[in-house]
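# Structural overview for review
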Protein chains: 2
Amino acid sequence: MDLNEIILPIKEQIKLFDAEFKSAIRSNIGLVDIIARYILRQKGKKIRPILVLLSAKASGGINKSTYRAAALVELLHTATLIHDDVVDNADTRRGLASINAAWKNKIAVLMGDYLLSRGLLLSLLNGEFEFLKVSSVAVKRMSEGELLQIQKSRQLDMDEETYFKIISDKTASLISTCCELGAVSATKDEGIVAHLRNFGEYLGMAFQIRDDVLDYEGKKATLGKPIGGDIRERKVTLPLIYAFENAPKQTGKSVLRLLKNGKRGSRIDEVIKFAETYGGIGKAHEKAEDFILRARDELNDIENSDAKESLLKLTEFVVDRVN
Amino acid sequence: MDLNEIILPIKEQIKLFDAEFKSAIRSNIGLVDIIARYILRQKGKKIRPILVLLSAKASGGINKSTYRAAALVELLHTATLIHDDVVDNADTRRGLASINAAWKNKIAVLMGDYLLSRGLLLSLLNGEFEFLKVSSVAVKRMSEGELLQIQKSRQLDMDEETYFKIISDKTASLISTCCELGAVSATKDEGIVAHLRNFGEYLGMAFQIRDDVLDYEGKKATLGKPIGGDIRERKVTLPLIYAFENAPKQTGKSVLRLLKNGKRGSRIDEVIKFAETYGGIGKAHEKAEDFILRARDELNDIENSDAKESLLKLTEFVVDRVN
């Protein structure tokens, strides 16, 4: 599934979004503007603004406030990425040096705060309070989800329910926000808004499960990031949770000990093997497919259109991607 | 001037603020709540909520939305401090270990983002959009001011006008926001709101100039932070700007070279001596007093009350403080 095909119904609108985002990010303070222009060069896939635009088009039509919603979510997402790179000491982002690597941590943290405030002001100054409410809840949930994951990875104490809460908060909340804001910008029909919100929630769940499975599937994902990152950080994700459920108690216990105390190299290989052996990877795959089906179901009551078709194709893109 | 005396007119109301802040910061996620309770133990002087409460009382009376405004500014301020400690690698804050020292950078950045979103949600969910607008502009200005200061300290290129813009953005904006929000919560009279906003702006300017002068006056400020921190970071602040204006061109040039290339120890001593010799410290003092007079003037048209009296006393507190 090719992203270029998915975005066909909004090809011209993406250009208008680019202009909106550019004007929302730039500044008359020299250093801020230099970094802003650098961020514009770090081209991402723009999945979130694409979701806003497609959701709006599928539920009534794109208008001026849709572009502001798209710029808002991209500003929040960019701010989060910059803060993430600080905390992870990441050197690169989207093929260029990260902001913290190019300009130091201090500037990166401030730049993240700056982008957050620009996003909020964009909605505030246009009186789009519903956008603000939805997106502020998402910002809160994203930080809470990350913090809950850190807490659980210290305790190595995780079950399916907690895992779903974490990924719903840290990932699905913003994806869901994108679809909800797109719909809110286009229609007053609360039923449609709810369907798009749920579509985004389930799509986000599938997206994160796929991401977590990819951490166990290095060979297939040849272009992706190195495998085993989550295991290194002692994050217990879905493949491992399901393997623990299936494995004999004693085997599970010894893997837990390995996660806690094992040497890095052997730890990663053995944990991956354990997740494979006890069907954790396969079952996690199935769960991602489940969420995709639930996402698609949410669109049943939405009128057919090229934009709806693209949203459905996006669900395939999410599970098929290899990085 | 004693802070305990200043807060007498709002002694009971500070307790109600404490309760509001506590409920705004706590979480049902274990780790988040542990850190929230830790933050509650790091007691600061609460200057910002005090300003909100006094401004409201001086302009009509404290009500429920005043407490939310006070909690909002304290949440934003706390978030900023936590992010500052990450970027400065600070080990302590208010006599306790900083969040980054106690829990690592990753958690501190996320906790800052969490507190920002809690502040915004507090206003959003109560429909207090004016609070949001004023405080989002302040968050934007705070990050822009810090970034402009970093830009200028790289270029060692600073004049009085740029310096005033920087401290207005990075410090006075939030102090001004406190006074404005207090007034907005209490009255619809735009004249009163403007007076309180300006009072806060001038008070904030004086506060930051005093802070920057303290960096040159270690002996007097026996309890404060070590002197010369700004010089070490090549921040050109007001004492130095004025000294450059008064000094012979050649002497100024050699101090600039020293700032750029000199060894730390000698650099700090010589720069302080230079600022003293050419009257920079004295003139910066006078400028702080000027701003205090302008702040006090703004209150001329405000009806007399114990709260107004306390705001006037606060102006003395700001210039008399030694740390």
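My aim in this report is to walk through the structure given alongside it, one point at a time. Bear in mind that the values here come from a model prediction, so they are computed numbers and not experimental data. (Residues numbered from 1 in each chain as written. Chains lettered and ligands numbered in written order. Predicted model: local features only at pLDDT ≥ 70, side-chain atom pairs only at ≥ 80, totals over all residues.)

Another aspect to go through is the overall build of chain A. Along the backbone of chain A there are 16 helices and 2 strands. Its C-alpha atoms give chain A a radius of gyration of 20 Å, within 12% of the compact-globule value 20 Å for 323 residues. Principal-axis analysis of the C-alpha atoms places the extent of chain A at approximately 60 × 50 × 30 Å. In chain A, buried positions account for 51% of the 323 residues. In chain A, 74% of the contacts between residues at least 6 apart in sequence involve partners at least 24 apart. (Helix = DSSP H or I, 4+ residues; strand = E, 2+ residues; numbered from the N terminus. Rg over C-alpha atoms; globule rule 2.2 N^0.38 Å. Buried ≥ 20, exposed ≤ 12 C-beta atoms within 10 Å, placed from the backbone. Contact = placed C-beta atoms within 7 Å.)

Before going further, it helps to spend a moment on the interface of chain B and chain A. Contacts between the two partners involve 35 residues from chain B, matched on the other side by 35 residues from chain A. Contributing elements (two or more residues each) for the side of chain B that touches chain A: α3 (30-41), α5 (64-87), α7 (105-125) and α8 (129-155) of chain B. The element that contributes the greatest number of residues to the side of chain B that touches chain A is α8 of chain B, accounting for 14 residues. Each residue belonging to the side of chain B that touches chain A can be placed in one class, and the counts come to 20 nonpolar, 8 polar and 7 charged. (Nonpolar A, V, L, I, M, F, W, Y, C, P; charged D, E, K, R; others polar.)

This paragraph deals with the packing of helix α4 (residues 47-58) of chain B against helix α9 (residues 160-186) of chain B. All names here are of chain B. Where α4 contacts α9, the axes come no closer than 7 Å and their chain directions differ by 35°. For α4 against α9, the interelement crossing comes out right-handed. Contacts between α4 and α9 pair Arg-48, Leu-51, Val-52, Leu-53, Leu-54, Ser-55 and Ala-56 from the former with Leu-174, Ile-175, Cys-178, Cys-179, Leu-181, Gly-182, Ala-183, Ser-185 and Ala-186 from the latter. By residue class, the composition of the contact of α4 with α9 is 12 nonpolar, 3 polar and 1 charged. (Axes fitted to C-alpha atoms, helices over the stretch in contact; angles between N-to-C directions. Left-handed = near helix turned anticlockwise from the far one by under 90°.)

So, on to the nonpolar core. Ranked by size, the top nonpolar core spans 205 residues in total, and within it Ala-206 of chain A together with Ala-206 of chain B carry the most contacts. Those residues in contact with Ala-206 of chain A, other than ones at most four positions away along the chain, are Ala-288, Phe-291, Ile-292, Ala-295, Val-318 and Val-319 of chain A. (Core = buried A, V, L, I, M, F, W, Y, C linked by C-beta atoms within 7 Å.)

Residues and elements named next belong to chain B. If you trace the backbone, Thr-78 turns up in helix α5. Along the sequence, Thr-78 and Glu-180 sit 102 residues apart, while their C-alpha atoms lie 19 Å from each other. Excluding residues within four positions of it along the chain, Thr-78 makes contact with Ile-39 and Leu-115.

Here we take up the relation of the copies chain B and chain A. Mapping chain B onto chain A leaves a residual RMSD of 0.0 Å; the transformation is a rotation of 180° accompanied by 0.0 Å of translation along its axis. What the rotation and shift describe, once combined, is the action of a two-fold rotation axis. A share of 100% of the interface residues of chain B reappears at the interface of chain A, consistent with the copies meeting face to face through the same patch. (Least-squares fit on C-alpha atoms with pLDDT ≥ 70 in both.)

Attention shifts here to α5 of chain B. All names here are of chain B. For α5, built from 24 residues, the straight-helix expectation of 34 Å at 1.5 Å per residue is met to within 8% by its first-to-last C-alpha distance of 35 Å. Burial within α5 is extensive, with 21 of its 24 residues counted as buried. Two residues or fewer after α5 comes Asn-89, characterised by a positive phi angle close to 55°. (Expected span 1.5 Å × (residues − 1).)

Below, the discussion takes up helix α7 (residues 105-125) of chain A. All names here are of chain A. With 21 residues, α7 ought to run about 30 Å at 1.5 Å a step, and its terminal C-alpha atoms sit 30 Å apart, in line with that. The buried fraction of α7 amounts to 19 of the 21 residues, a majority that puts the element mostly inside the structure. Where α7 terminates, the next one or two residues include Gly-127, which has phi positive at roughly 65°.

All names here are of chain B. Secondary-structure assignment places Val-255 in helix α13 (residues 249-261). Overall, the presence of 22 C-beta atoms within 10 Å leaves Val-255 in the buried class. Residues Val-255 and Glu-270, spaced 15 residues apart in sequence, show a C-alpha to C-alpha distance of 8.0 Å. The contact partners of Val-255, leaving out residues within four places of it in the chain, are Val-271 and Phe-274.

Right, let's talk about the environment of Glu-146 of chain A for a bit. Tracing the chain through its elements places Glu-146 of chain A in helix α8 (residues 129-155). Residues Glu-146 of chain A and Ala-186 of chain A, 40 residues apart in the sequence, show an inter-C-alpha distance of 31 Å. In this structure Glu-146 of chain A touches Lys-170 of chain A together with Leu-110 of chain B, once residues within four positions along its chain are discounted.

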